[in-house]
Amino acid sequence: MRQRKLLAFCAALTIVLANVASLAQQTLDRTKVPSPGPTPVLHVPAWTKTQLANGATLIVSERHVLPLVSFNITFVGGANQFEPVGRRGVAAMTASMLTEGTKTRTGDQISDALQLLGTTVGAGVGAEDGSIAFLSTAKNFDATLAILSDMMLNSTFPAEALERLRARTLVNLTQAKDQPVVVGAQVFAKVLYGAAHPYGQRATENSIKAVTRDDVVAFQQAYFQPGRAIITVVGDTTPQKAKASVEKALASWSKGGDKPSFDYPKLPELRPAKIYLVDKPGAAQSVVNIGLPGPPRNTPDYFALQVLNTILGGQFQSRLNANIREQKGYSYGVNSGFNYGKGPGAFRAGGSIFTAKTDAALIEFMKELKGIVGEKPITDEEIKTAKESLIQGLPQRFSSVSAISNAITSLVVQGLPDDYYQTYAQKVSAVTKEDLLRVAKRYIDLEHLAIVIVGDRALVEAALKATEIAPITMLDIEGNPVTASQ
Amino acid sequence: MRRRNLSVFAALLIACCVAQTAFAQQLKIPYETYKLPNGLTVIMSVDRTTPTVAVNIWYHVGSKNETPGRTGFAHLFEHVMFTGSGHVPYGLHDKLTEGVGGGNNGSTTNDRTNYYETIPSNYLESALWLEADRMGFLLDTLNIEKLNAQRDVVKNERRQSYDNQPYGRVSEIFAAAMYPKGHPYSWPVIGSMTDLSAASEEDVKAFFRLYYAPNNATMAIVGDFDPAQAKAWVQKYFGDLPKGQPVQRPTVPAAKLEAGKRLVYEDRVQVPRLYLQWPTVGVKNADDAPLSVMGLILSGARTARLTKALVYDSQIASQVAAFQNSAEDVGVFQVIVVPRPEHTLTELEAAVDQVIQKFITEGPTAEELQKAKSGLELNFLRGLESNLGKANQLLDGAVFYNNPGQFSVDYQKTLAVSAADVKRVASTYLGRPRIVLSVVPKGKKNQASKAAESETVTMLMKQGRGGRS
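Residues numbered from 1 in each chain as written. Chains lettered and ligands numbered in written order. Predicted model: local features only at pLDDT ≥ 70, side-chain atom pairs only at ≥ 80, totals over all residues.

Trainee: Would you mind showing me how to read the overall build of chain B here?
Mentor: From N to C terminus, chain B includes 16 helices and twelve strands. By the compact-globule yardstick of 23 Å for 469 residues, chain B fits well, its C-alpha radius of gyration being 23 Å. With respect to the principal axes defined by its C-alpha atoms, chain B has extents near 65 × 55 × 40 Å. Across the 469 residues that make up chain B, the buried fraction comes to 61%. Put simply, 80% of the contacts in chain B that link residues at least 6 apart link residues at least 24 apart. (Helix = DSSP H or I, 4+ residues; strand = E, 2+ residues; numbered from the N terminus. Rg over C-alpha atoms; globule rule 2.2 N^0.38 Å. Buried ≥ 20, exposed ≤ 12 C-beta atoms within 10 Å, placed from the backbone. Contact = placed C-beta atoms within 7 Å.)

Below is the structure:
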């Protein structure tokens, strides 16, 4: 009630304000930071969850603001679980091949039909999950779903389409080698996990060249199975309508498959901190990645790590960016993060650094990492801001039908409880200063950091050596050691 | 951009608009608009779906308002706007936005500069306080140290987004080649390293006084708020900011090439690329809509003409893109082609020309036109899901057309585009002299399209590499 009355009063006030503006303004104290209003109540969207006869999970969440529906089938497990040895890349290629024609439609016909429906169907398989999805108007939902179903279940994988895709994929791989940021990420992964661990592997020229049509057909049959599928429908629909549409469109999708295990091989032995330098002659910047393998998403330390990273490098005013960009001006932006997954995803800090400041920036990175593990104690103010930021940012996750779909689906994929968002604030709030110091020391292991730098060797090597932060090893852009003569 | 992940030019590449008949009547973003006596235009649009609000201010100033020798100024200024103001200490802006679960950023184009906050709805008043303070009191705390710090950051932005990016210098090569020396669109928004170094504190202050006055600004508030309360706050914080001098809009001659140009640029890349660019028209010209539709008919979907011919049928290209890119006063139509190995840029250029010649002769089919327009309804609805997206739509209309509801006019225009319109713009613009740019690996100038006739790009080479600071 108080809020309402106040607003009505303000409305009346506005009318006269224009006339007395100068008078009113004399009393305005601009140094006074306006206090926030009462925190808005968190409305987590509700959803229904049912099991279909073929074993797939169906989730439906209603949102009738706009005539839009988001449809998504997510598959638990990805390239790391389903790609055969020596065939890295077959998962992504199979997903791309779903647009190339079915028993009753050519690739061109699929494309034309979707254009007339005003939408596209996107399919992709990542490291640990995959999806096939679209966003459509409510009135075009059933027609688009019918095409998705046809693509997923009846694709014919024409041989000549595979050759075309292979050639284009190889061009993309060549272009990626010119991207210092991509090279940095790939070499970083290889250094951390080694070639024997799936986290250190990726599609290469050789693996792409090795993929056969049989590999693609086999992958499609093994992978797109209802037993590991979560179907999420969000938007202008109802659970009954959505279920009827799905059961009709996917009637021929019969039982099969299950959720894979995520047993990864043992990590390589941790090695003493080292700088791995990849030469990129003429580079205007050095791409810096610093880190080591970290915990999986289901770690009990998750909330403490989220608060910790918000303080260290998750935001603009986090310690790393405030120092290296804003105070020192060495970069357009640096950050840090934990790459959570089912396995030991990396902790990584880094950014693109002006070549001439590569050594100076590395010194600052190390200073901040040492700081967060104890040398520069975390303040109460930092903790308060980080927690508020995380908690109050929650409504953003429900700001569109696609965002809601992701928010709900990720709970199921990661095996998190249904009341995760309702209890989120409580769990973030419960993190203590002691927790932060403990997880910082545990996961930001300064003795074993890998420091991967892609930059102009002639301009940065001597300066990096002079910092005495760690010994330097030269790697090529594939992450292999360079012999001394080079 | 103040932060990375979007290019300075992102706002220029506003998605092409296409349409579907039945929907056109419901095309509405409810809004109200009014003007303060000091000239500040305010637009409000309530949407209570999510407890968040976007505050977005567009200043009608961009790189085209700069003078040669001081390029990059509008964008450098964008960075300075985040360094604190008279009553707001450095850092508080971030604390009251990302520190409470929201966000902030700014962006600069040739035509305008914008600043926004996305916040939980209970932080609207502080966001207005922040924006009013830097509009009214930025210079109170501006000094050379702050300027220098942001100058370094912007130089790093240039290194990251242009110099250390494969093909990253194409946009500035085109700007310099497309327009005569001194033309307001002839320099890149990011500016040159030399000019960035040359900007003085006094330059910055004069720029602020002229362009950052309320009469050159338009503010949108979109999301979960009470309009009466918001109006009171707007009055409280912006009401007494003084009106500035009237702003002179630069005179911008239309883009026109007397003769075609063939250029070759050596970059640190392994795969060459072919770029074709024709001068067209700006957003206010009636031909902008059919040119945008033409882009969708030529590339994008698998059955679009260039994509089908080059990527799927002859398979000489790995990727093709074709699009109208229009600013407030000028525009260009651009085609980009990435070859497959064993195929030359000369071969690609001939293949593109063959498709285009055929298209000029026959124009689009009814189905091509229908397909190109069919995505509009969904695109529009998606735009309505975001407070920030809606704010930008309303502001674009208010700033460039003096009509926040312009998006629905544009929608209708696109809907009305006929096959004859597309055929006409194809023959009018794609028949004119153009710039052909080949980007080739270092030392491989012979890979350029018609290498013997191509001129090496030298004019910009001197400032590259990020070597100066």
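Trainee: Would you take a moment to explain the overall build of chain A for this structure?
Mentor: When helices and strands are tallied, chain A shows 19 helices and twelve strands. Looking at chain A as a whole, 47% of its 486 residues are labelled buried. Contacts in chain A between residues far apart in sequence, at least 24 positions, make up 80% of those at least 6 positions apart.

Trainee: Hey, could you run me through the sheet that holds strand β1 (residues 32-35) of chain B in this one?
Mentor: Hydrogen bonds along the backbone pair up the strands of a sheet, which may run parallel or antiparallel. All names here are of chain B. Taken in spatial order, the six strands line up as β1-β2-β6-β3-β5-β4 in an open sheet, and their pairing is mixed. Each of the sheet's edge strands pairs with one partner strand only, and the pair in question is β1 and β4 (103-108). If you compare each strand with its neighbour and ignore which way they point, the axes differ by 15° on average. Across four bridges, the pairing between β1 and strand β2 (residues 41-46) is antiparallel. For threonine 33, the partnering residue across the bridge sits in β2 and is isoleucine 43. Docked against the sheet, helix α1 (residues 73-80) engages β4 and β5 (113-120), running at close to 165° with respect to β4. (Pairing = 2+ DSSP bridges. Axes fitted to C-alpha atoms, helices over the stretch in contact; angles between N-to-C directions.)

Trainee: When you look at the interface of chain A and chain B in this model, what are you seeing that I'm missing?
Mentor: Interface size is commonly expressed as the accessible surface area that is lost when the partners come together. Listed by partner, the interface residues are 74 residues for chain A and 67 residues for chain B. Its residues assigned to classes, the side of chain A that touches chain B shows 32 nonpolar, 32 polar and ten charged. (Nonpolar A, V, L, I, M, F, W, Y, C, P; charged D, E, K, R; others polar.)

Trainee: What am I meant to see in the domain arrangement of chain B here?
Mentor: Residue and element names in this part refer to chain B. Split into domains, chain B comes out as domain 1 (31-238) and domain 2 (261-461). Contacts between domain 1 and domain 2 engage 33 residues on the former and 30 residues on the latter. Among the secondary structure elements, those contributing two or more residues to the side of domain 1 that touches domain 2 are β2, β3 (52-59), β5, α5 (170-178) and β6 (217-223). With seven residues, the single largest contributor to the side of domain 1 that touches domain 2 is α5. Tallied by class, the residues present in the side of domain 1 that touches domain 2 amount to 17 nonpolar, eleven polar and five charged. (Domains from an automatic or database assignment.)

Trainee: Help me understand the domain arrangement of chain A, please; the structure alone is not making it clear to me.
Mentor: Residue and element names in this part refer to chain A. Domain parsing of chain A yields domain 1 (48-249) and domain 2 (274-475). Once you take the C-alpha centre of each, domain 1 and domain 2 turn out to be 30 Å apart. In this assembly, 29 residues from domain 1 lie in contact with 25 residues from domain 2. Put simply, the parts of the chain that give the side of domain 1 that touches domain 2 at least two residues each are β2 (57-62), β3 (68-76), β5 (129-137), α8 (180-193) and β6 (229-235). With ten residues, the top contributor of residues to the side of domain 1 that touches domain 2 is α8. Split by residue class, the side of domain 1 that touches domain 2 holds 18 nonpolar, eight polar and three charged.

Trainee: Explanation requested: helix α14 (residues 387-401) of chain B in the structure shown.
Mentor: All names here are of chain B. In this model, α14 (15 residues) spans 21 Å end to end at C-alpha, consistent with the 21 Å of a helix rising 1.5 Å per residue. Across the 15 residues that make up α14, a large majority, twelve, are buried. Residues of α14 that are buried include every one of Asn387, Leu388, Lys390, Ala391, Asn392, Gln393, Leu394, Leu395, Asp396, Gly397, Ala398 and Val399, and no others. Asparagine 402 sits one or two residues past α14 and shows a positive phi near 55°. (Expected span 1.5 Å × (residues − 1).)

Trainee: How should the nonpolar core be read in this particular structure?
Mentor: Taken as a class, soluble globular proteins show a tendency for nonpolar side chains to be buried jointly. Residues and elements named next belong to chain B. Core analysis: the biggest nonpolar cluster contains 69 residues, and Leu128 and Ile221 have the highest contact counts within it. The element that contributes the greatest number of residues to this core is helix α3 (residues 124-137), accounting for seven residues. A domain-level breakdown of this core finds at least three residues from each of domain 1 (31-238) and domain 2 (261-461). Once you skip the residues sitting within four places of it in the chain, isoleucine 221 turns out to touch Met44, Val53, Val55 and Ala230. (Core = buried A, V, L, I, M, F, W, Y, C linked by C-beta atoms within 7 Å.)

Trainee: Any chance you could explain helix α12 (residues 302-312) of chain A here in plain terms?
Mentor: Each turn of an α-helix holds 3.6 residues, which means side chains three or four residues apart point in the same direction. Residue and element names in this part refer to chain A. Of all the eleven residues making up α12, ten are buried; the element is thus mostly covered by neighbouring parts of the structure. Considered for burial, the residues of α12 that qualify are Phe303, Ala304, Leu305, Gln306, Val307, Leu308, Asn309, Thr310, Ile311 and Leu312. Where α12 is buried, its residues contact α13 (319-327), β9 (331-338), α14 (358-375), α15 (380-392), α17 (420-429) and α18 (433-443).

Trainee: Hey, could you run me through the pairing of β5(B) in this one?
Mentor: Taken residue by residue, a regular strand's side chains alternate between the two faces of the sheet. Residues and elements named next belong to chain B. Most of β5 sits inside the fold, with eight of its eight residues counted as buried. When β3 meets β5, the two strands line up antiparallel, connected through eight bridges. Of the residues in β5, the one forming a bridge with tyrosine 59 is threonine 113. Note that β4 and β5 share six bridges and pair antiparallel.

Trainee: Looking at this structure, I do not really get the packing of α1(B) against helix α4 (residues 144-163) of chain B. What am I missing?
Mentor: Each pair of packed helices can be described by the angle between their axes along with the distance between the axes. All names here are of chain B. Where α1 meets α4, the closest approach of the two axes is 9 Å, and the angle between their N-to-C directions is 115°. α4 is crossed by α1, and the crossing has right-handed handedness. Between α1, through His75, Leu76, His79 and Val80, and α4, the contact on the second element is made entirely by Lys146, Leu147, Gln150, Arg151, Val153 and Val154. (Left-handed = near helix turned anticlockwise from the far one by under 90°.)

Trainee: How do you make sense of unusual backbone geometry when you look at a structure like this?
Mentor: Backbone phi values are negative for most residues with the exception of glycine, while trans is the configuration of most peptide bonds. At A:Phe157, a position not held by glycine, the phi torsion is positive, near 50°. Positive phi values are uncommon outside glycine, yet B:Glu342 reaches one of about 80°. Structurally, the position occupied by B:Glu342 is in the loop between β10 (331-339) and α11 (345-362).

Trainee: I tried to follow the packing of α1(B) against helix α7 (residues 201-211) of chain B on my own but got confused; where do I start?
Mentor: Residue and element names in this part refer to chain B. Running from N to C, α1 and α7 point in directions that differ by 85°, and their axes come no closer than 11 Å. Here α1 lies roughly perpendicular to α7, going by the angle between them. Residues Phe73, Phe77 and Val80 of α1 touch α7, and the partners they reach there are Asp203, Val204 and Phe207. Counted by class, the contact of α1 with α7 contains five nonpolar, no polar and one charged residues. (Parallel < 35°, antiparallel > 145°, perpendicular 65-115°, else oblique.)

Trainee: Where do I start with the confidence of the model for chain B in this structure?
Mentor: Low pLDDT marks regions whose predicted coordinates should not be analysed in detail. Residues and elements named next belong to chain B. Predicted confidence across chain B gives a mean pLDDT of 90, with 92% of residues reaching 70 or more. Across residues 4-25, confidence stays below pLDDT 50; counting only partners more than four residues off in sequence or on other chains, it has 57 contacts. Every residue in residues 460-469 is under pLDDT 50, and counting partners more than four places away or in other chains gives 20 contacts. Interface scoring of the predicted complex returns ipTM 0.90; its pTM is 0.92. (pLDDT = per-residue confidence, 0-100.)

Trainee: Looking at this structure, I do not really get the environment of B:Asn148. What am I missing?
Mentor: All names here are of chain B. As for its placement among the helices and strands, asparagine 148 is situated in helix α4. By the C-beta count within 10 Å, which is 14 here, asparagine 148 ends up partly exposed. Residues asparagine 148 and leucine 196, spaced 48 residues apart in sequence, show a C-alpha to C-alpha distance of 9.7 Å.

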